[in-house]
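Structure assessment
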Amino acid sequence: MSRERKIAETFVELADTFVADFDVIDFLQQLTVRCCDIFAVTDVAVLLAYPGPQLYSPAPCDPSPALAGLLELAMREGPALDAYQTSDTVAPGSLSSAPAAWHDFTALARESGYTYASAVPLRLRRDTLGSLLLLRATDSPLPTDDLAMAQAFADAATIGLLHARTLQQADNLNGQLHTALHSRIIIEQAKGYLAARRAISPDEAFNLMRRHARHHRLLLTAVARHVVDTGELPSHATDGASSG
């Protein structure tokens, strides 16, 4: 598939929030997957400050070991926090010359193998919901055109989230956003259980859960909870009960 087609499909996916079974966690996860694929970045994370004033990270649901250790710091300092607070793109260049205020973030990022870190805000006019953190472990920064496209993706994702909140299912979306961090923990547990039970890799287990959730129109979190409770994916007969 060409890069242009991947970009077009991403915008379609980010606009697809007007459905009864909209799953915000799967939506944000797909945003990180698409960014990693299209922009050739090493890792991507979404950080939200909604609801509430503090940043937290609901996606990716399956962070790499290097990224998992960095996310806690990214909520308190670094490009993701700056992009959220300023509602502007943050791309300082190499982490070897990052701002002094990022001291702890920069030290851990470089120790984890990252060389460049940038972020774009999830914004629409005066509404800023969070930011999109983009990390590279290469000898060059993210190209300017790719950074602009990442901002366009972030803008589209923000519009989708705000539309879903305002026009369709505000209470449900608020609840999903509020519990997104806990949902990520449940998904991590389920991924481990399923991987061990089926003798597959954790990434394969995650993709299996995600495909199952999409095929049966279930929330990814509901599938993960069922796996944690039973060790298996929901059967067709119990799908309805699992999505409630």
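Look up a bit, the structure's there.
The present account deals with the structure reproduced in this document. Throughout, residues of each chain are indexed from 1 in the direction in which the sequence is written. The predicted origin of the model limits local features to residues at a pLDDT of at least 70 and limits the giving and counting of side-chain atom pairs to 80 or more, whereas totals for whole chains, interfaces and linings rest on all residues. Side-chain calculation: all heavy atoms of the structure are included, whereas hydrogens and water are not.

To qualify as a nonpolar core, a set must consist of buried Ala, Val, Leu, Ile, Met, Phe, Trp, Tyr and Cys residues joined through side-chain atoms within 4.5 Å. Each residue is placed in one exposure class: buried if its accessible area under a 1.4 Å probe, protein chains only, is under 20% of its type's maximum, exposed if it is over 50%, and partly exposed if it falls in between. Grouped together as the largest cluster of nonpolar side chains are 48 residues, with contacts concentrated most on L134 and M209. Whether two residues are in contact is decided by their heavy atoms: any pair within 4.5 Å suffices. Once residues lying within four places of it in the same chain are set aside, the contact partners of L134 are C35, V41, D43, V44, Y116, A117, S118, L142, L147 and A150. Grouped together as the second largest cluster of nonpolar side chains are 23 residues, A49, A74, A80 and A117 included.

Here a Phe, Tyr or Trp ring, Trp counted by its six-membered ring, pairs with any other such ring whose centre lies within 6.5 Å, and the pair is stacked when the planes are under 30 degrees apart, edge-to-face when over 60, and tilted otherwise. Using the criterion set out here, one finds three aromatic pairs in the structure. With centroids separated by 5.0 Å and ring planes inclined at 70°, the aromatic side chains of F11 and F153 adopt a geometry described as edge-to-face. Taken as a pair, F11 in helix α1 (residues 3-15) and F153 in helix α6 (residues 144-168) lie far apart in primary sequence, 142 residues in all. An angle of 35° between the planes, with centres 5.5 Å apart, marks the rings of F39 and F153 as tilted. One end of the pair, F39, is in helix α2 (residues 24-39); the other, F153, is in helix α6, and 114 residues separate them in sequence. Take F39: its relative accessible area is 1%, and that puts it in the buried class. Ring-pair connections join several aromatic residues into one group, and the members of that group are F11, F39 and F153. Each helix is a run of H or I in the DSSP string that is no shorter than four residues. Each strand is a run of E no shorter than two, and both are numbered from the N terminus.

Another point: the packing of helix α9 (residues 202-215) against helix α10 (residues 220-230). Angles here are taken between N-to-C directions and fall from 0 to 180 degrees, while the axes themselves are lines fitted to C-alpha atoms, restricted in helices to the stretch in contact. At their nearest, the axes of α9 and α10 sit 9 Å apart, and the two run at 120° to each other. Between α9 and α10, the interaxial angle falls into the category oblique. As for the relative orientation of α9 and α10, their crossing is right-handed in sense. The residues of α10 that touch α9, namely those facing F206, M209, R210, H212 and A213, are L220, V223, A224 and V227. Partitioning the contact of α9 with α10 into residue classes produces seven nonpolar, one polar and one charged. Throughout this description, any angle smaller than 35 degrees is read as roughly parallel, any larger than 145 degrees as roughly antiparallel, any in the 65 to 115 degree range as roughly perpendicular, and the remainder as oblique. Two helices cross in a left-handed way if the nearer one is turned anticlockwise from the farther one by less than a right angle. They cross in a right-handed way if the turn is clockwise. Throughout, the ten residues Ala, Val, Leu, Ile, Met, Phe, Trp, Tyr, Cys and Pro are labelled nonpolar, Asp, Glu, Lys and Arg are labelled charged, and all others, Gly among them, are labelled polar.

Another point: unusual backbone geometry. Even without glycine at this site, S87 takes up a positive phi of about 55°. Mapped onto the fold, S87 is located in the loop between α4 (79-86) and α5 (103-111). In this structure S87 comes out as partly exposed when scored by relative accessible area, which is 27%. One non-glycine residue, R217, adopts positive backbone phi at about 55°. Among the secondary structure elements, R217 is positioned in the loop between α9 and α10.

By themselves these figures say nothing about function.
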